[in-house]
Amino acid sequence: MAVEDECKLKFLELKSKRNYRFIIFRIDGQQVVVEKLGNPEETYDDFTASLPANECRYAVFDFDFITDENCQKSKIFFIAWSPDSSRVRMKMVYASSKDRFKRELDGIQVELQATDPSEMSFDIIKSRAL
């Protein structure tokens, strides 16, 4: 599975310049491509609304939070979205390509696998970040 250069470039911009709140990736043919870029002002709800209900996707989300010690922090999440309602073949392709794709994105801090929205609720993201 090839990874389009744009995927790595946009991830670096998210990581270093904070140009995006999130990036959604999809597999198109035999390569991973950028499907959507989320503006820095967009929220976690905007991000979850951007994921298709019946198709798998990879996503990266830059989560800002305040620690118990009142420090502003940020963690970059890698989310493998694989809804139960997606086709079996699609789930297999995304599952078998995930680790290779994730290795291309240097700087992922937390990984999450979700098969329905409840598995990636805001509360779960927050608890995994702390």
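Right, let's walk through the structure included here. Just so it is clear, the model here is predicted, and its values are computed rather than measured.

The next subject is the sheet that holds strand E5 (residues 72-81). The mixed open sheet is built from 6 strands, whose spatial order is E1-E3-E2-E4-E5-E6. The sheet terminates laterally at strand E1 (2-3) and strand E6 (110-114), the two strands that pair on one side only. Looking at chain direction, E5 and E6 are connected through 5 bridges and run parallel. Looking at E6, one finds that isoleucine 79 is bridged to leucine 112. Its contacts with the sheet place helix H1 (residues 5-17) against E1, strand E2 (22-28), strand E3 (31-38), strand E4 (57-66) and E5, and it is angled at close to 35 degrees to E3.

Structurally, asparagine 54 is set in the loop between helix H2 (44-50) and E4. It is 20 Å that separates the C-alpha atoms of asparagine 54 and glutamine 30, two residues lying 24 residues apart in sequence. In contact with asparagine 54, not counting residues within four places along its chain, are Pro83, Ser85 and Ser86. Here serine 85 takes part through its side chain, which lies 2.9 Å from a polar atom of the side chain of asparagine 54.

Parameters at a glance
Residues numbered from 1 in each chain as written. Predicted model: local features only at pLDDT ≥ 70, side-chain atom pairs only at ≥ 80, totals over all residues. Heavy atoms only, no water. Pairing = 2+ DSSP bridges. Helix = DSSP H or I, 4+ residues; strand = E, 2+ residues; numbered from the N terminus. Contact = heavy atoms within 4.5 Å. Axes fitted to C-alpha atoms, helices over the stretch in contact; angles between N-to-C directions. Polar contact = N/O pair within 3.5 Å; in protein donor to acceptor, adjacent residues only side chain to side chain.

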